[in-house]
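Chain residues, written in single-letter form:
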Amino acid sequence: YLKKKNLLHPFKLRSKTSGVMITQYLVNMPEGKSTPDFQCKPIPVTTEKGKLAVFRAVVTGDPTPDVSWRRAKGNLSDKEKFQTKYDESTGEHILEIHKVSAAETDTYKCLAANEYGKAICTTTLTVTEASTNPADFRKLLKKSKIDKADGETDERFWDAMLKADREDYERICSEFGVKDLHLILKKLDEKKKERAQNKSKQDGVIPYDENGAEKHDLKSVGRTKNVPINGLMQKDTGLCKGDIQEVNLRNTGLFFSVSKVDFVIKIQEIKAEEREDALFECVLTHPLPKITWMGKGNILEDGEKYSLTMSEHKLIHRLLIKDCQPLDKGIYSAVVGNTSCNAWLVVEADSDPAPGDAKKTRKTTVARGAQTDVEKVAKEQQIKIQGEMEKIVAAVKAKHGAGHITDELILEEMTLEELTLMLATGGKHSKVTGPGTCPKDYIKCDDSGTDSSTHTKRKRHAPLIEDLVVDPGVHFICGLTDVNAIINETAELTCKLSSEDCEGAWFRDGKQVNDNFSITKDGPIHKLVIIKCEEEHSGKYRFEADGRKTEAMINVKDPPRFDLEDLSAFCEPMTVKAGHNAIFKLHFLGHKPIKIQWYREGEELQDDNNIRIEKSASHSRLLLSRCQRKDTGEFKIKLKNEHGFTEAVSQLIVLDKPTPPQGPAEVIESSATCIEFRWRPPKDDGGSPVINYLMERQQVGRNTWKKIGEIPGVPNFRDTEVDRGRKYCYRIRAVTAEGISEVMETDDMQAGTLAFPAPPAPPKVVSAFDDCINLSWAPPSNTGGSRILGYILEKRKKGSNLWTVVNANDELIKEKKYAVKDVVAGIEYEFRVTAINLSGAGEFSNPSEFVFARDPKKPPGKVTGLKVTETSYTHLVLTWTKPEDKPGIQDEARGYFVEIRQADCIEWSRCNSTPIIMTSFSVKGLKSMDMYWVRVIAINDGGESEPEELPNYVLAMPSPVRPKFTNTKMKSFLVVRAGNSVRITVNFEASPRPIIMWLKDNVPVTKRVTISNSDGSSQLLIPSSERYDSGIYSILVKNLAGQETLSTEVRVTDDPKPPGPVELEENVPGTVTVIWEPSPDEKRDDRLHYTVSKLDSTKRTWVTVADRLFNNKCTVCNIMHGREYHFRVYAKNDMGISAPSESPTWGTEKKKEKFAVSIPTIKDCDLRCAPSFIVPLKLHTAPKGYECYMSCAVKGNPKPRITWYRNHISLNTNVNYYTSNTCGVCTMLILRVGPKDMGEYTVIAENSLGRAECATILSVRGDKETQDVITLRDRWGEKR
């Protein structure tokens, strides 16, 4: 539990991952527990309408947090659209949004919570409309939106501007009084675009985005195309940033929309060892000069830790993670526009760490993902792209005619999208006539204004031919490329023209270069070479020829670099002896200041007692004083300035004497004449190999050591100068060129006594022929402490007691096999073998099996008629017919093997270790309800036959048997006293094992009921029953053969409580109506009824006058005037009878007086009356199978005739109903109530003066038709 003082208002924490808000509930966190945090937060997604959007997050925390997703402007209740998942392999929590629409554009939150806190991070989803415009990429390149300018409203002004050449813009503006030329040019571009779109809609084609081409400086063919793309990224919100600065597309010949680029090969999961490099690779569908790499939610930049590279064709992009550490583990992503792919980097800890405190040497291997030939795939993709362009170029040529197209190079350098557009528009919107190129009537070109919003283009005198591409003249086949040069080294710029006869001029920063440069021309190839670069050589270089130009930058840098001679010497491993000093020294050059760092095994070194680092402007020296063996390892110097960095690596080897040999010594042989043992070499040989070992020996019990001398550098020694039974101890030292190690002392070793070897295993027959029998055997398990010198083999004919030696005693068998050639064809032999060691011969082995000296037999054929005759849960019985004997083809079978395998296993296992001769077999030990495949293999001396397999699997279960109950004497009704246990045991037969379910009143039993199931029986147990346990208990036994149900009614009750006070009334002369309050148990027990007893003052015994009364009133007849009566009412149920409730005394005892006769005056009185019911019938609900008692009271004079009806059918003649009429009390008894007894019951009383009727409804509990009767009863009540 948490102490009160530890509770506090929640407070905020800062996460290691930016953009994550953590709330902690407690001040003092329990040890080992932590609040949730995001190791990798979801990345914002921008996708097109109708596609799938996926957010992924990786959370940490102990206990494991619960992760949920929310959105700001709605909910995620639509389970088909919003699906949350968890990937156990990557640990990612995933939210998938299917078929996104504009309504899903929103901010989404990911919440991770546990009992100690919560963490929240947000992300965004942006849904865009799918676009088919090939100029969408140019729209993405816009740096900012350009608001429309308010220009002139005169339509004549705009018509003139739209029809005029660019050189006339200024004149037209001055004529119309327009001053802001820059604003008018922007609006003019918009109007041109609008007019082109309107025209394209009429023609049914997609317009070329001239505005995009103008604003993003897509210059004419042969010029540098600088496309600045500045994406946005808010680090705190995790937005992906696509920051592509000055993308150089000079000589690619291809230019594709980022939104259409996808991955041909995505990055794959990598498992790298610690200190190993990891390489992620991906292949794009179209070339791009740069993609965005992300690691664990952060943008990765090229530097010391990460190396970002791409192939020459810009299809393969690589991320190299150097010197992997456990902290580098996580998810890495490659992002291209709206498309991304990700994979895990798993860094496994080194299983063989470096000894002591030394750091493990950095590995030179590179871990990769799945082995895919990315170069081959990229080459195929490049060929595919080139093929698409060639098809489109051919289509353009075919459409316009070869005679009209003279500038084929322009077609080749146009983008795939622009070629497609040109083919669709008939050349009206081609790249040659777009605003990013020079119109054909321009002959001058001014490049000084390339950075302004307006450009002065070169002009030609050739006439402008509408909708056609004309001969471009001399053009560039290969333009200039940017060069990064190092100071004092050579830099070279090269370009290639389409003509060898054309001359050109070189310019730097707008000025023509002088003679300080080496300018050469080799046919169409023009070169500019700077022999020795200086800082002032940096700048923009341009080559012009025939009105065309190409540009490139030369950046002269002065990064740090080593003197080559010093570097070569430094890279050679340095070897010093322990205790000596080691000095590393390197000279270097580079722009100042230069940061110098020294490392040992990846850890930066600082000055201390044994390490001294000297730094100067041109060199650095590392001095290691009194080197120790642990100083061995990799040393690295790293230089860094503002132009770059470099490093050099060397190895230091410190030589020292070896460590002691490693024990314990392992005894190889210990006999009466020798001891042979071995040990392990020193853990550290000190940098030099072990030459020899120095050996000393001491006999246990003596104080002196005997020098044995030096032995070769093999960790093994055999001592033959020992006495039988004595113990010896040895000292061992390793000897290297650097010295002798400390001593390693072995445990005591005892020379053996006379010990004979154990018997070998019985010989096995490998093969047998008429003149030879080949045998083999296994060596003895106990060699007696010395090596085995050889074996002696003996043979014996069947039926003989004489063993004969196969080999002579002086010709021991060295190997564990032998070919016995001294045999007679057709005779049966057995063999035995004994082993011999230094002590002598041991015991003979057990004899082998008998074998005939005859040529091999043919293997038998396959068995036939394989079938299963019996199955159970644990075994099955197979029978088959032996295979036929076909001489020369297949011989007679001598035995059989039975093999089985489970359905989910591929290995067969044999059920019998030795062949059986019977054609039937019982497979035992099966798992119940498992599936098995079975096969039988016949065998003889010639080998095994092909296996015969059953066509179908066998199920380990008996033959299907429909469930059947075997309880013949089971009670259908059970009465239990409350508090006692209820136990119902049901026996049944069923196969396969059935599913058993117990129900109470058609509802599964509760957990307080204990169910025990076994084969063939099931038991229900209620340890301590209560009244609410009453009900009908049913058992359902079901298997694939059918199902069966058995029900038992259980009534849990107790002795009833007595009824309430009893009252007496006289409604009819000569009768007494006994009325009493119900027993408290009446509501809980529907079978509770009452019994009424009467005591006459003239008699001494109680007489039962009414029994099985389910109401609280009873009319007693034959009450005599002048007598006293007492009544008792008892409550009864299935368990017993209650104490009586006494009634007050009724009547007075007649006193004896003198007899006097008085004759009364007789008056005529008419006592006749029509029938009427004094006590009507009550509604009755009786359990199925029980008795039902109905009664009512009627008066009338003359005595009425009583008739009972059920559903308007007379019951007076029905023997199943017992009716009576005693002094106006009419009763009817139904012995066993059933469904057929349900309905409306009516009593009709008739005499000469009239007719009376009384009715009630009887319903039966536990029957499906009860509801219908209840409905009928309700209707009957409404009628009444």
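See the structure shown above.
Cut-off values and rules
- Residues numbered from 1 in each chain as written.
- Predicted model: local features only at pLDDT ≥ 70, side-chain atom pairs only at ≥ 80, totals over all residues.
- Heavy atoms only, no water.
- Salt bridge = Lys/Arg side-chain N within 4 Å of Asp/Glu carboxyl O.
- Helix = DSSP H or I, 4+ residues; strand = E, 2+ residues; numbered from the N terminus.
- Buried < 20%, exposed > 50% of the residue type's maximum accessible area, 1.4 Å probe, protein only.
- Contact = heavy atoms within 4.5 Å.
- Core = buried A, V, L, I, M, F, W, Y, C linked by side-chain atoms within 4.5 Å.
- Pairing = 2+ DSSP bridges.
- Axes fitted to C-alpha atoms, helices over the stretch in contact; angles between N-to-C directions.

Trainee: Any chance you could break down the pattern of salt bridges for me, citing the residues and the numbers?
Mentor: Between side chains of opposite charge, a pair can form as their charged atoms come close. For the coordinates displayed, the defined rule picks out 61 salt bridges. Asp 328 serves as the salt-bridge partner of Lys 305, at 2.9 Å between the closest nitrogen and oxygen. Here the residue Lys 305 occupies a position in the loop between β17 (298-299) and β18 (306-310), and Asp 328 occupies one in the loop between β19 (316-321) and β20 (330-336), the gap between them amounting to 23 residues. Residue Lys 305 is classed as partly exposed on the basis of its relative accessible area, which comes to 27%.

Trainee: Residues and numbers for the environment of Leu 589, please.
Mentor: If you trace the backbone, Leu 589 turns up in strand β34 (residues 582-589). Accessibility expressed as a relative area gives 53% for Leu 589, which makes it exposed. Each C-alpha atom of the pair Leu 589 and Asp 558 lies 8.3 Å from the other, and the pair is 31 residues apart in sequence. Discounting residues that sit within four places of it in the chain, Leu 589 has contacts with Pro 559, Pro 560, Arg 561 and Ile 594.

Trainee: Explain the nonpolar core to me, using residue names and the numbers behind them.
Mentor: In terms of nonpolar packing, the biggest core is built from 25 residues, with Phe 280, Trp 293, Leu 319, Ile 321, Tyr 332 and Leu 345 touching the most fellow members. Residue contacts for Phe 280: discarding those within four places in its chain leaves Ile 267, Gln 268, Ile 270, Trp 293, His 317, Arg 318, Leu 319, Ile 321, Tyr 332, Ala 343, Trp 344 and Leu 345.

Trainee: Account for the sheet that holds strand β42 (residues 675-680), naming residues and giving values.
Mentor: Hydrogen bonds between backbone atoms are what pair the strands of a sheet, whose relative direction is either parallel or antiparallel. Strand order across the open sheet formed by three strands is β41-β42-β45, with antiparallel pairing between neighbours. Both edges of this open sheet fall to β41 (662-670) and β45 (716-719), since each of them pairs with a single strand only. With direction set aside, neighbouring strand axes in the sheet form an average angle of 20°. Pairing of β42 with β45 involves four bridges; the strand directions are antiparallel. If you follow Ile 675 over to β45, its bridge partner there is Asp 719.

Trainee: Give a description of the pairing of strand β31 (residues 548-557) that names residues and reports values.
Mentor: Counting buried positions along β31 gives seven out of ten residues, so the element sits mostly inside the fold. Where strand β24 (residues 483-486) and β31 come together, four bridges link them in parallel fashion. Across the sheet, the residue bridging to Ala 485 is Val 556, located in β31. Alignment of strand β30 (residues 539-545) against β31, held across seven bridges, turns out to be antiparallel. The partner of Tyr 541 across the bridge, within β31, is Ala 552. From the end of β30 to the start of β31, which pair antiparallel, there are two residues, and Asp 546 there has a positive phi angle of about 55°.

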